[in-house]
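A structural walkthrough
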Amino acid sequence: MHTLIVLQNDKKVKQRLPREGRLEFGIAGSPITYKLQVHTAGTPAAITALGGLSGALGAAYLDSANRMRRTIVAFADWISQPPHTVDVVEFQVIFIFHQMTGGTAKDITRALGTLDGDADWRNLPDRNHVGIRVRRCWLLSCESGTDQAAADDPNLAGNPALMRSLRRWIDQAQSMRLAAAAFTTEQKPPPANPKQYWLPFIYTFSSGDPVTGSTVLFPERVSFRRLPYTITPNGDFEKIPKPAGGTQTDEEYENGTSTAGKIYKYEGATKVDERIVPANAEANVLTGGF
């Protein structure tokens, strides 16, 4: 399956990349630049070696909502150019971002919210004479499933003060997830009568604790950790200082401890499944659809 990775334009993401503006994502060899800051990062064989499905792998830094939307359309156009060997071109989109960067979250939500109104996006199947389906969308950040975790946990529901502190993060997670349903595409050409649609499968992540939960990605495998953080009444996260006399190094303390987590699956706006990732285990986001 083709994969487009959209990463937050942030030094904490960039520091793991081989050089500024380019992405290898664990694949040997030089990437080839493509228009609109899409970088093809490997051949189908290289993706298969990573544990992914055969297909094109592209990546782009998240810059703005408009550029992100154009990048998605450009990638879909690129992989659906004739000649075709399939009736439907399928791909997945993986967003990698920091939950606590509210501006980034708003850009992702705005980009997805305006996708359906993009004429180039809507016209791609007719222009390229092939069906286009976004099979999976991964919203990969710490606690991108805060809304679902809060709904599932009676202890949170029974703590009104904590729920008030979490409200903006719950709303942020829910708004982004619902906006991702814009990846719904009509089943054409030819169009059905009445119209029929492919709904995307949307995946979010939570450790079950929206305050201390974290995800770790390296390079395509996700695991969960608990970090030493607390939340203030106005919803800001604060790091808990390392206790004096502890045996952990600063790095060990800041990296927290391994924990179990859940990946939630939605079909469009409807939750249809969830999977537990045990502590010290990983899930592959390239092939981890379920």
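Let us now look at the pairing of strand β10 (residues 213-217). Among the five residues that make up β10, four are buried, leaving the element largely enclosed by the rest of the structure. Relative to strand β11 (residues 221-226), β10 is paired through five bridges, and the arrangement is antiparallel. Counterpart to Val216 in the pairing with β11 is Ser223.

A separate point is the environment of Ser206. With respect to the helices and strands, the residue Ser206 is situated in strand β9 (residues 201-206). Separated by 66 residues in the primary sequence, Ser206 and Leu140 have C-alpha atoms spaced 9.9 Å apart. Excluding residues that lie within four positions of it along the chain, Ser206 makes contacts with Glu143, Gly145, Ala149, Phe224, Gly261, Lys262 and Tyr264.

On to helix α3 (residues 65-79). Spanning 15 residues, α3 covers 22 Å between terminal C-alpha atoms, matching the ideal 21 Å at 1.5 Å per step. Burial of α3 is extensive: eleven of the 15 residues sit out of reach of the surface. Of the residues making up α3, those classed as buried are Ala65, Met68, Arg69, Thr71, Ile72, Val73, Ala74, Phe75, Ala76, Asp77 and Ile79.

This part is about the packing of α3 against helix α5 (residues 119-128). Their axes nearest at 10 Å, the elements α3 and α5 cross at an angle of 5°. Here α3 lies roughly parallel to α5, going by the angle between them. For the pair α3 and α5, contact is made by Ile72, Val73, Ala76 and Asp77 and by Asp120, Trp121, Leu124, Arg127 and Asn128, respectively. Classifying every residue of the contact of α3 with α5 by side-chain character gives five nonpolar, one polar and three charged.

Okay, the side chain of Thr104 next. You can see Thr104 is positioned in helix α4 (residues 102-115). The buried category is assigned to Thr104, whose relative accessible area is 9%. Here Gln8 takes part through its side chain, which lies 3.3 Å from a polar atom of the side chain of Thr104. Among all residues touching Thr104, those that are not within four sequence positions of it are Gln8, Leu62 and Phe97.

Put simply, the second largest pocket is a space of about 240 Å³. Lining the second largest pocket are 14 residues, with Asp116, Arg122, Thr184, Thr185 and Glu186 sitting closest to its centre. Listing elements by their share of the lining of the second largest pocket, those giving two or more residues are α5 and β7 (185-186). Here the residues of the lining of the second largest pocket are counted per class, giving five nonpolar, three polar and six charged.

On to α4. With 14 residues, α4 extends 20 Å from end C-alpha to end C-alpha; this agrees with the ideal 20 Å at 1.5 Å per step. Taken residue by residue, α4 has Thr104, Ala105, Asp107, Ile108, Thr109, Ala111, Leu112 and Leu115 as its buried positions. Elements in contact with the buried residues of α4: β1 (2-8), β4 (57-62), α3, β5 (88-96), α5 and α8 (160-179).

On average, residues of the protein score 84 in pLDDT, and 84% of them are at 70 or above. Per-residue pLDDT stays below 50 along residues 14-39; that stretch engages in 63 contacts with residues further than four places along the chain or on separate chains.

To continue, consider the nonpolar core. Ranked by size, the top nonpolar core spans 37 residues in total, and within it Phe91, Phe95, Ile108, Trp121 and Phe183 carry the most contacts. Of all the secondary structure elements, the ones that give two or more residues to this core are β1, α3, β5, α4, α5, β6 (131-140), α8 and β15 (261-267). Top element by residues in this core is α3. It accounts for seven residues. Not counting the four nearest positions on each side in its chain, Phe95 is found in contact with Val6, Met68, Ile72, Ile108, Leu112, Cys137, Trp138, Leu139, Leu140 and Phe183.

The subject of this paragraph is the side chain of Asp118. Checked against the element boundaries, Asp118 lands in the loop between α4 and α5. Classification of Asp118 by relative accessible area gives buried; the value is 12%. Ignoring sequence-local partners within four residues, the contact set of Asp118 consists of Arg69 and Val73.

Below, the discussion takes up the pairing of β6. By the criterion of burial, β6 is predominantly enclosed, with nine of the ten residues buried. Pairing of β5 with β6, which is carried by nine bridges, proceeds in the parallel orientation. Directly across from Val93, in β6, lies its bridge partner Cys137. Here β6 runs beside β9; their pairing, made up of three bridges, is parallel. Bridge pairing in β9 places Arg136 opposite Phe201.

With that settled, the discussion passes to the packing of aromatic side chains. Summed over all chains, the structure comprises eight aromatic pairs. Between Arg177 and the ring centre of Tyr266, over which it is positioned, the NZ or CZ distance is 4.2 Å. Geometry around Phe201 places Lys265 over its ring, the cationic atom sitting 4.2 Å from the centre.

What counts and what doesn't
- Residues numbered from 1 in each chain as written.
- Predicted model: local features only at pLDDT ≥ 70, side-chain atom pairs only at ≥ 80, totals over all residues.
- Heavy atoms only, no water.
- Buried < 20%, exposed > 50% of the residue type's maximum accessible area, 1.4 Å probe, protein only.
- Helix = DSSP H or I, 4+ residues; strand = E, 2+ residues; numbered from the N terminus.
- Pairing = 2+ DSSP bridges.
- Contact = heavy atoms within 4.5 Å.
- Expected span 1.5 Å × (residues − 1).
- Axes fitted to C-alpha atoms, helices over the stretch in contact; angles between N-to-C directions.
- Parallel < 35°, antiparallel > 145°, perpendicular 65-115°, else oblique.
- Nonpolar A, V, L, I, M, F, W, Y, C, P; charged D, E, K, R; others polar.
- Polar contact = N/O pair within 3.5 Å; in protein donor to acceptor, adjacent residues only side chain to side chain.
- 1 Å grid on protein atoms, 1.4 Å probe; cavity = no way out; pocket = protein on both sides within 12 Å on 5 of 7 lines; lining within 4 Å.
- Points joined across faces, edges and corners; volume = space filled by probe spheres on them.
- pLDDT = per-residue confidence, 0-100.
- Core = buried A, V, L, I, M, F, W, Y, C linked by side-chain atoms within 4.5 Å.
- Phe/Tyr/Trp six-rings, centres within 6.5 Å; stacked < 30°, edge-to-face > 60°.
- Lys NZ or Arg CZ within 6 Å of the ring centre and 35° of its normal.

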